[in-house]
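Survey of secondary and tertiary structure
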Amino acid sequence: MPLLSAESSVLLVVDLQERLMPAIAEGPAVLENAGRLVRAATRLGVAVCATEQNPDGLGRTVGAVAELLPAPAVAKTSFAADVDPGPGTVVVAGCEAHVCVLQTVLGLRARGRDVAVVADAVGSRHPSNHERALDRMRAHGVDVVTTEMVLFEWLHDSDNTAFREVQRLIR
């Protein structure tokens, strides 16, 4: 997979929900990085969609992320998010890495989609589950990246009119 570009990416935010996030290892960092991705995507014209796993049980998307989303999250009960996030490489953030993120990503790959999972913007309750999920996704052709990698690849150039604004997101 070549470098990511804002013109040919879509951001999918999976299940960053109120009752789940307190149990996620490094949960505050996952939320912070997901928020950075949504802000940058919005600024750079990257489409953003989000899902919620059984929102009656796990609550809605955490407020700090929900308020940034351009549209409400799509409710689901299956672990895999069976949504069409739009054309291009699907950049994925969310929880849990070894359940909903993994099943969503493997489903996207089975449909021939290019996928980049943002390692520091996905989480699990236990770090070992997070690592094994990333290993498994990588083995299936998924690009494992970081928030900063995504932001700078989306910018492509320091002459980008959004450079300073997006750069401030990571300071």
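Provided above is the structure to which this section pertains.
Residues numbered from 1 in each chain as written. Predicted model: local features only at pLDDT ≥ 70, side-chain atom pairs only at ≥ 80, totals over all residues. Heavy atoms only, no water.

1. Thoughts on unusual backbone geometry
To be explicit about the condition: Put simply, DSSP H or I for four residues or longer makes a helix, DSSP E for two residues or longer makes a strand, and each gets a number counted from the N terminus. Each residue is placed in one exposure class: buried if its accessible area under a 1.4 Å probe, protein chains only, is under 20% of its type's maximum, exposed if it is over 50%, and partly exposed if it falls in between.
Omega for the bond connecting Cys95 with Glu96 falls within 30 degrees of zero, at -25 degrees, which places this linkage in the cis form. Looking at the element boundaries, Glu96 is found in the loop between strand S4 (89-95) and helix H4 (97-110). One non-glycine residue, Asp15, lies in positive phi territory at about 55 degrees. Looking at the secondary structure, you find Asp15 in the loop between strand S1 (9-14) and helix H1 (27-44). Among the residues examined, Asp15 registers a relative accessible area of 0% and is labelled buried. Backbone geometry places Glu26, a non-glycine residue, at a positive phi of 60 degrees. Note that Glu26 resides in the loop between S1 and H1.

2. A word on H4
Just so we agree on the cut-off: Residue contacts follow a heavy-atom distance rule, with two residues in contact if any of their heavy atoms lie within 4.5 Å.
Along H4, the residues classified as buried are Ala97, Cys100, Val101, Leu102, Thr104, Val105, Leu106 and Leu108. In this structure, the buried residues of H4 make contact with S1, strand S2 (47-53), strand S3 (74-76), S4, strand S5 (115-123) and helix H5 (127-139). Positive backbone phi, approximately 85 degrees, marks Gly112, located one or two places after H4.

3. Focus on the sheet that holds strand S6 (residues 143-145)
Quick note on the threshold: Only strands joined by at least two bridges in the DSSP assignment are considered to pair. For helices, the fitted axis covers only the stretch in contact; all axes are lines through C-alpha atoms, and the angles between them, taken along N-to-C directions, range from 0 to 180 degrees.
With parallel pairing, six strands are arranged side by side in an open sheet as S3-S2-S1-S4-S5-S6. Strands at the two margins of the open sheet, each flanked by one partner only, are S3 and S6. If you compare each strand with its neighbour and ignore which way they point, the axes differ by 25 degrees on average. In this structure, S4 lies alongside S5, joined through five bridges in parallel fashion. The residue of S5 that forms the bridge with Val92 is Val117. The strands touched by helix H6 (residues 147-155) are S1, S4, S5 and S6; relative to S5, the strand with the most contacts, the crossing angle is about 135 degrees.

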